[in-house]
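Listed below, chain by chain, are the residues.
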Amino acid sequence: MSKTESHQFQAEIQQLLNIVIHSLYTDKEIFMRELISNAADACEKLRFNQTSGKAVYQPDVAPVIDVTTDEKEGTVTIRDTGVGMTHGELVENLGTIAHSGTKAFLRQIAGDSKPDLGLIGQFGVGFYSAFMVATRVTALSRSADPDQPGWSWTSEGMGGYELAPGGDLPRGTQITLKLKEDALEFSKEATVEGIIERYSSFIPFPIQLNGRRLNTVQAIWARNKNDIKEEEYNSFYTFVGHDHDQPLLRLHFTADAPLAIQALLFVPKRNFETMGMGRMDSEVNLYCRKILIQAKAKGLFPDWLRFLKGVVDSEDLPLNISRETMQDTTLMQKLNKVLTSRFLKFLDEHSEKDPASYETFYSEFQRYLKEGVVTDFTHQEALGRLLRYESSSLEAGKLTSLADYVKRMPAEQKEIYVLLAPNRAAAEANPYFEVFRARKWEVLFLSDPWDEFVVEHLRVFGGKTLRLAEKADLNLEDKPKGSLSEEAAKTLAGWLKQTLGDKVGEVRLSQRLVDSPAVIVDSDKHMTASMRRILKAMKQDSQEMAGAKHDLEINVAHPLMTQLEAMRQEDSALAASVAEQLLDNCKVAAGLLEDPRQMVSRLNQLLERVLAKK
Ligand code: ADP
Ligand code: MG
């Protein structure tokens, strides 16, 4: 009978071990992830050996992982029915730090090629994380090689380890941790369950905890799309999305270049931010070979895609050996760019394939796309393609893309015209719309308050400038014919300027009005109403900033103007009052009237005079 052998760790190994135990990992609970990953690797190797026809001890025992906790003893045990280790392998793999038996296994079977094996280990330090929480680690192991006996390996971390014959063990490895005083929580079932769920839910072998199966959801993102059933996608979504609804949209894709990525992304049915639940956090988790690297990974997607849920797995992540942090933030940025572009491309394609479904998405999530337009220059153009608006050329309720608008533009039209109005009826009644209706040029109706910022930031789409209708440099084809002579019209304009004084900039004859008597036009071509509001909020009492210097354009073909010109000569006081009212009416139409009190009392006086005449 052979007896117990004592082995010493080398001096530098002792040092390395100290680093692993005291400073490599940020969280103690990581040890569980590492030991389960090793067990999974052992199962994967067994499967490989079996499928490549090697004789295996206990061939009918399936590869599984079993975790047991014992609160009374203060222990936790991880057992697997994987390949196990021979005496030599125990010495080499567990007795030598920074030696990865898994990496050696890969090299041996593969040479330089990269076979399709889901192995996790590569650094050769994970096992030692057990000493963060254990005073003593015992590994009982029996190799899958039918001729090899079982061995028992024990170490207290310091100094070395002991190896003794293990007797008649079942195939695989059983690792028992005698927990330190301050780590007894890991002998509690509930604690261990939480940890396994967090890190190891997608290990492709069954994990049992005290006899109960834990990981029932598969890492379907790593499987071929064509083999996955709709129910599987949906139950996976319930699991990662914590949402009992079905997802609205789904993107499952694989990429090889520039990075190896497997991603499964979902758009939920509802926008949780509008449901009063506060700002959402991205719920896309980052995995490397099915092991969680970062839950709700920061920086994986831009902020404006924070409604996404799902999983991104990349085996190209240059993880540092503790896996918690990625060493390379430029790589994270690259990943972000690739993923974002891919998702936007998906939305674009989806909008072609299934416009109705896209519009459902759009009505729920358009604000995020607009936030992207405003904050993210990199993806602005792709985002511009995804915007949808009502249009003067389409029925109410129908939406168009900017791209389709551009396709419909007549050759002589050079710009994309948009009109900001709270709703379609207001847009159609807007004086700035009149010239477009008369010329039969299409105008997009923008009714979301955010659209003004979209116009300001997007500026150009498909090489065409986005122009607010009120700023359009556009005349009617036929000059409006009125009964006023050109001279009388000019005199009226002059009189109006004189009467209104500083309340207006210039008064001129309009070339764009059909039904309205007058309209105000911002004398600053680049200033929009929202910019004025912001300026005003910043400089509260600055009257000239907020209200002033609108030019007044008058439609001398309108009966009101003809009669005003006549009234001006009969009763200039009344005419002046009408002129003031006219200006205020224009301000109301443009959404710029600040204080209606003065206007109301003037209007009442005017009404009195109208009634007195009867
Ligand atoms: P890594 O997993 O990165 O290779 P570890 O320190 O976690 O490094 O493990 C070292 C080596 O020990 C592994 O590569 C593997 O060869 C061996 N090993 C660890 N746990 C087991 C196990 N449960 N069954 C079989 N071999 C194992
Ligand atoms: Mg490992």
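Our structure is the block above this text.
Residues numbered from 1 in each chain as written. Chains lettered and ligands numbered in written order. Predicted model: local features only at pLDDT ≥ 70, side-chain atom pairs only at ≥ 80, totals over all residues. Heavy atoms only, no water.

## Observations concerning the overall build of the protein chain
Right, on to step 1. Within the protein chain, the regular secondary structure consists of 19 helices and 23 strands.
Right, on to step 2. For 614 residues, the compact-globule estimate of 2.2 N^0.38 gives 25 Å, and the protein chain exceeds it by more than 25% at 37 Å.
Right, on to step 3. Along the three orthogonal principal directions, the C-alpha set of the protein chain runs to about 130 × 45 × 40 Å.
Right, on to step 4. Counting the 614 residues in the protein chain, one finds 49% classified as buried.
Right, on to step 5. Counting only carbon and sulfur atoms, one obtains 50% of the accessible surface of the protein chain, whose full area is about 30,100 Å².
Right, on to step 6. The protein chain carries 75 positive and 88 negative side-chain charges, and their two centres are separated by 3 Å. (Helix = DSSP H or I, 4+ residues; strand = E, 2+ residues; numbered from the N terminus. Rg over C-alpha atoms; globule rule 2.2 N^0.38 Å. Buried < 20%, exposed > 50% of the residue type's maximum accessible area, 1.4 Å probe, protein only. Areas by Shrake-Rupley, 256 points an atom, 1.4 Å probe, with all protein chains shown as cover. Lys, Arg positive; Asp, Glu negative; His and termini not counted. Charge placed at Lys NZ, Arg CZ, Asp CG, Glu CD.)

## Focus: the pattern of salt bridges
Right, on to step 1. In the structure shown here, the tally under the stated rule is 36 salt bridges.
Right, on to step 2. We note a salt bridge from Glu-371 to Arg-306, for which the minimum N-O separation is 3.1 Å. Pair noted here: Glu-371 is in helix 8 (residues 355–375) and Arg-306 is in the loop between strand 13 (291–294) and strand 14 (309–313), with a separation of 65 residues, a long-range link. Both residues of the pair, Glu-371 and Arg-306, belong to the buried class.
Right, on to step 3. Through salt bridges with shared partners, a single network forms among Glu-506, Arg-508, Arg-512, Asp-551 and Glu-553. (Salt bridge = Lys/Arg side-chain N within 4 Å of Asp/Glu carboxyl O.)

## Let's talk about a negative patch on the surface
Right, on to step 1. A cluster of acidic residues, Glu-89, Glu-92, Asp-145 and Asp-147, forms a negative patch at the surface.
Right, on to step 2. For Glu-89, a relative accessible area of 33% gives the class partly exposed. (Patch = residues over 30% accessible without salt bridge, like charges linked within 9 Å, V, L, I, M, F, W, Y side chains within 5 Å.)

## Description of the site of ligand 1
Right, on to step 1. Around ligand 1, a shell composed of 19 residues is seen, among which Asn-38, Ser-100, Gly-101, Thr-102 and Gly-124 lie nearest.
Right, on to step 2. With respect to ligand 1, the side chain of Asn-38 contributes an N or O atom lying 2.8 Å from an oxygen atom.
Right, on to step 3. One of the backbone N or O atoms of Gly-101 is found 2.7 Å from an oxygen atom in ligand 1.
Right, on to step 4. Computed on the free molecule, ligand 1 has an accessible area of 530 Å², of which 97% lies beneath the protein chains in the complex.
Right, on to step 5. Counting only elements with at least two residues in the shell around ligand 1, the list comes to helix 2 (30–51), helix 3 (87–94) and helix 4 (101–110).
Right, on to step 6. For the shell around ligand 1, the leading source of residues is helix 2, giving three residues.
Right, on to step 7. The residue makeup of the shell around ligand 1, split by class, is six nonpolar, eleven polar and two charged. (Near = heavy atom within 4 Å. Polar contact = N/O pair within 3.5 Å; in protein donor to acceptor, adjacent residues only side chain to side chain. Nonpolar A, V, L, I, M, F, W, Y, C, P; charged D, E, K, R; others polar.)

## Considerations on the packing of aromatic side chains
Right, on to step 1. Taken as a whole, this structure holds 25 aromatic pairs when the rule is applied.
Right, on to step 2. Ring geometry for Phe-127 against Tyr-128: centres 5.4 Å apart, planes inclined by 85°, an arrangement best described as edge-to-face.
Right, on to step 3. A relative accessible area of 6% means that Phe-127 is categorised as buried.
Right, on to step 4. A centroid spacing of 5.7 Å and a plane angle of 45° characterise the contact between Tyr-358 and Phe-361, whose relative ring orientation is tilted. Of this pair, Tyr-358 and Phe-361 both sit in helix 8, three residues apart, which is roughly one turn of the helix.
Right, on to step 5. One aromatic cluster is present, built from ring pairs that chain together Phe-202, Trp-221, Phe-236, Tyr-237, Phe-239, Phe-266 and Tyr-287.
Right, on to step 6. The lysine or arginine in question, Arg-342, covers the ring of Phe-253, its NZ or CZ lying 5.1 Å from the ring centre. (Phe/Tyr/Trp six-rings, centres within 6.5 Å; stacked < 30°, edge-to-face > 60°. Lys NZ or Arg CZ within 6 Å of the ring centre and 35° of its normal.)

## A few points about the environment of Gln-294
Right, on to step 1. Mapped onto the secondary structure, Gln-294 falls in strand 13.
Right, on to step 2. Residue classification places Gln-294 among the partly exposed positions, given a relative accessible area of 25%.
Right, on to step 3. Each C-alpha atom of the pair Gln-294 and Asp-354 lies 34 Å from the other, and the pair is 60 residues apart in sequence.
Right, on to step 4. Polar side-chain contacts of Gln-294 include one of 3.3 Å to the backbone nitrogen of Lys-298.

## A few points about the sheet that holds strand 20 (residues 464–468)
Right, on to step 1. One open sheet holds the six strands; their spatial order is 16-15-18-17-20-19, and the pairing between them is mixed. In this open sheet, the two edge strands, each paired with only one partner strand, are strand 16 (400–401) and strand 19 (460–461).
Right, on to step 2. In terms of strand pairing, strand 17 (residues 416–420) meets strand 18 (residues 444–446) through three bridges, oriented parallel. If you follow Val-418 over to strand 18, its bridge partner there is Leu-444. (Pairing = 2+ DSSP bridges.)

## Remarks on the sheet that holds strand 23 (residues 550–554)
Right, on to step 1. Taking strand neighbours across the sheet as the criterion, the three strands line up as 21-23-22 in an open arrangement whose pairing is mixed. Two strands close off the open sheet at either side, each with one partner strand: strand 21 (507–509) and strand 22 (518–522). Recorded for the sheet is a direction-independent mean angle of 30° between the axes of neighbouring strands.
Right, on to step 2. Inspection of the sheet shows strand 22 paired to strand 23 by five bridges, in the antiparallel sense. Within the sheet, the bridge partner assigned to Val-521 lies in strand 23 and is Asp-551. (Axes fitted to C-alpha atoms, helices over the stretch in contact; angles between N-to-C directions.)

## Let's talk about the pairing of strand 23
Right, on to step 1. For strand 23, the buried fraction is high: five of the five residues fall into the buried class.
Right, on to step 2. Burial along strand 23 is two-sided: His-550, Leu-552 and Ile-554 facing one way and Asp-551 and Glu-553 facing the other are all buried.

## So, the side chain of Thr-77
Right, on to step 1. Counting through the fold element by element, Thr-77 comes out in strand 3 (residues 75–80).
Right, on to step 2. Engagement of the side chain of Thr-77 in a polar contact is seen with the side chain of Thr-176, the distance being 3.2 Å.
Right, on to step 3. Residue contacts for Thr-77: discarding those within four places in its chain leaves Asp-66, Val-67, Thr-68, Gln-174, Ile-175 and Thr-176. (Contact = heavy atoms within 4.5 Å.)

## Structural notes on the packing of helix 18 (residues 572–589) against helix 19 (residues 597–612)
Right, on to step 1. Running from N to C, helix 18 and helix 19 point in directions that differ by 130°, and their axes come no closer than 10 Å. Put simply, helix 18 runs oblique to helix 19. Classified by chirality, the crossing of helix 19 by helix 18 is left-handed. Of the residues in helix 19, those in contact with Leu-574, Ser-577, Val-578, Glu-580, Gln-581, Asp-584 and Val-588 of helix 18 are Met-599, Arg-602, Leu-603, Leu-606 and Arg-609.
Right, on to step 2. Considering only residue class, the contact of helix 18 with helix 19 consists of six nonpolar, two polar and four charged. (Parallel < 35°, antiparallel > 145°, perpendicular 65-115°, else oblique. Left-handed = near helix turned anticlockwise from the far one by under 90°.)

Distances and angles like these do not, on their own, reveal function.
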